[in-house]
Amino acid sequence: MKIAVMGAGAWGTALAMSFARHHAVSLWARDTAQIESMRAAGENQRYLAGQPFPAQLTLQAELGVAVADADLVLVVTPTAGLRPSLRALTTLGSTLPVLWACKGLEADTQLPAHEVAAAELPATVSRGILTGPSFAQEVAAGLPAALTLASEDAGFADEWAAALNSSRLRIYSSNDIIGAEIGGAVKNIMAIAAGVGDGLKLGHNARAALLTRGLAEITRFGVALGARPETFNGLSGLGDLILTCTGDLSRNRKVGLLLAEGKPLAEIIRNLGHVAEGVNTARAVQQQAERLQVDMPITAAVCRMLFEELPAAEAIAGLMGRGAKKEAA
């Protein structure tokens, strides 16, 4: 089996390396200089230094060459890059099945990825999302991980989960694509909040409360969009939430840590070196939540810190000062 991976950032490279241990993989990037640099070094020195490429991984700067004879295309870009990537495939006339691995809502439309795909891909193209708790550095190193492959087509999800499953990267299937996407997107917002709490040294009790109430918030929002509540207890919900809110490799948690230090957002983004999806997703989710009349106090607090320069300590005080309510509400 041959897999074409679009996007040579940390996560795209890590997935390409993982799958290349069992399949032929072609990794494409639009930056020819980046491809040449990786080819010369035998690794992605910018994002995954010290992780040599497997033998079955090839590098391509021409998209048409990368997808030629492929059985599957995996789009691994930030959410902002998903629509142009799908358009590029359509322009080529590709009808290959497509998976994407981005975690966010499109900033200007507030659309989840599957709705972007519906607008850009021919109806005959099979599609789905690959998501779940996963740091690129660990996957690239071959450490064990588990992901969810979700599609509206249950047969497609089952088939490709089985085809991509391996002893180091276990793949589970789901037909709740909305739940899988919302879990992966909104947990990034919660990770920013968790980073703020950790940066203010609020303790483990506060972090546990944040994760628990954050999961409730994610579930309310997802169900309002048509997801099944049980999905949020799985890898793309609770699993991804735990990892992103507690792991030192989390970009979104790092944003929260820096907010707690009083750093302005522009400086945080400039110095981060990677895309933190939670920043753009926070505003899109808040707008959707207001439209749906879904109560999302943690998301609202994160938005005020990010976009209204509300000091972190004041944001936490506002959350803790809310009136008492039933836990299930």
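The shown structure was predicted, so the numbers you read here are calculated from the model rather than taken from an experiment.

**Structural notes on the overall build of the chain**
Phase 1: On a plain count of helices and strands, the chain comes out with 15 helices and eight strands.
Phase 2: Out of the 329 residues in the chain, the part that is buried amounts to 54%.
Phase 3: Taking as baseline every contact in the chain between residues at least 6 positions apart, the subset at least 24 positions apart corresponds to 72%.
Phase 4: Carbon and sulfur atoms form 52% of the exposed surface of the chain, whose accessible area is close to 14200 Å².
Phase 5: Looking at charge distribution, the chain has the averaged site of its 28 positive side-chain charges lying 5 Å from that of its 31 negative ones.

**Considerations on the UniProt feature "binding site: substrate" (unreviewed entry) in the chain**
Phase 1: Under the local residue numbering, the UniProt record ascribes the feature "binding site: substrate" (unreviewed entry) to K103, R251 and N252. What stands out for the annotated residues spanning 150 residues is how close their C-alpha atoms remain, the widest pair being 12.6 Å apart. Among the annotated residues just listed, those that line the largest pocket are K103, R251 and N252.
Phase 2: Along the chain, K103 falls in the loop between β5 (98-100) and α5 (113-120).
Phase 3: Within polar-contact distance, the side chain of K103 engages the backbone oxygen of G132 at 2.7 Å.
Phase 4: Along the chain, N252 turns up in helix α11 (residues 251-260).
Phase 5: Sequence-distant contacts of N252, that is, excluding residues within four places in its chain, are made with N188, A191, I192, A276, E277, G278 and V279.

**A short note on empty space enclosed by the protein**
Phase 1: Scanning the entire structure with this criterion turns up one cavity of 30 Å³ or more.
Phase 2: Put simply, the largest cavity is a space of about 30 Å³.
Phase 3: The set of elements that each furnish at least two residues to the lining of the largest cavity consists of α14 (297-307) and α15 (312-320).
Phase 4: A per-element tally of the lining of the largest cavity places α14 first, with four residues.

**Quick notes on the sheet that holds strand β6 (residues 127-131)**
Phase 1: The sheet built from eight strands is open, its strands ordered β3-β2-β1-β4-β5-β6-β7-β8 with mixed pairing. Each edge of the open sheet is held by one strand with a lone partner, namely β3 (57-60) and β8 (169-174). Within this sheet the neighbouring strands show an average axis-to-axis angle of 25°, counted without direction.
Phase 2: This element, helix α7 (residues 154-164), spans β1 (2-6), β4 (72-75), β5, β6, β7 (145-150) and β8 of the sheet and lies at about 175° to β8.

**Some points on the nonpolar core**
Phase 1: One finds V186, F221, V255, L259, V302 and L306 to be the most contacted residues of the largest nonpolar core, which totals 42 residues.
Phase 2: Going through the elements one at a time, α8 (177-199), α9 (204-224), α10 (235-246), α11, α12 (265-272), α13 (277-292), α14 and α15 are the ones with two or more residues in this core.
Phase 3: Considering each element in turn, this core owes the most residues, nine residues, to α8.
Phase 4: If you look at the next biggest cluster of nonpolar residues, it comprises 40 residues, including A8, A29, L74 and A161.

**Digging into α9**
Phase 1: Along its 21 residues, α9 runs 30 Å from first to last C-alpha, staying within 8% of the 30 Å computed at 1.5 Å per residue.
Phase 2: The complete set of buried residues in α9 reads L210, L211, G214, L215, E217, I218, T219, F221 and G222.
Phase 3: Each element contacted by the buried residues of α9 is listed here: α8, α10, α13 and α14.
Phase 4: Looking one or two residues beyond α9, the residue adopting positive phi is G226, at roughly 110°.

**Digging into unusual backbone geometry**
Trans is the common state for peptide bonds, and a negative phi is the common state for residues other than glycine.
Phase 1: Even without glycine at this site, Q110 takes up a positive phi of about 60°.
Phase 2: Topologically, Q110 is positioned in the loop between β5 and α5.
Phase 3: Relative accessible area serves as the criterion here: at 19%, Q110 is assigned to the buried category.
Phase 4: Look at Q293: it is not a glycine, yet its phi comes out positive at around 60°.
Phase 5: Within the secondary structure, Q293 is located in the loop between α13 and α14.
Phase 6: When its relative accessible area of 74% is taken as the criterion, Q293 is described as exposed.

**Focus: a negative patch on the surface**
Phase 1: Residues E115, E152, D153, D158 and E159 make up a contiguous surface patch of negative charge.
Phase 2: Counting through the fold element by element, E115 comes out in helix α5.

**Description of the side chain of S94**
Phase 1: Inspection of the secondary structure assignment puts S94 in the loop between α4 (79-92) and β5.
Phase 2: A polar atom in the side chain of S94 sits 3.3 Å from the backbone nitrogen of L96.
Phase 3: Look past the residues within four positions of S94 in its chain and what remains in contact with it is L89 and V125.

Conventions used here
- Residues numbered from 1 in each chain as written.
- Predicted model: local features only at pLDDT ≥ 70, side-chain atom pairs only at ≥ 80, totals over all residues.
- Heavy atoms only, no water.
- Helix = DSSP H or I, 4+ residues; strand = E, 2+ residues; numbered from the N terminus.
- Buried < 20%, exposed > 50% of the residue type's maximum accessible area, 1.4 Å probe, protein only.
- Contact = heavy atoms within 4.5 Å.
- Areas by Shrake-Rupley, 256 points an atom, 1.4 Å probe, with all protein chains shown as cover.
- Lys, Arg positive; Asp, Glu negative; His and termini not counted.
- Charge placed at Lys NZ, Arg CZ, Asp CG, Glu CD.
- UniProt positions renumbered as here; feature names shortened; annotations may be inferred.
- 1 Å grid on protein atoms, 1.4 Å probe; cavity = no way out; pocket = protein on both sides within 12 Å on 5 of 7 lines; lining within 4 Å.
- Polar contact = N/O pair within 3.5 Å; in protein donor to acceptor, adjacent residues only side chain to side chain.
- Points joined across faces, edges and corners; volume = space filled by probe spheres on them.
- Pairing = 2+ DSSP bridges.
- Axes fitted to C-alpha atoms, helices over the stretch in contact; angles between N-to-C directions.
- Core = buried A, V, L, I, M, F, W, Y, C linked by side-chain atoms within 4.5 Å.
- Expected span 1.5 Å × (residues − 1).
- Patch = residues over 30% accessible without salt bridge, like charges linked within 9 Å, V, L, I, M, F, W, Y side chains within 5 Å.
- Salt bridge = Lys/Arg side-chain N within 4 Å of Asp/Glu carboxyl O.

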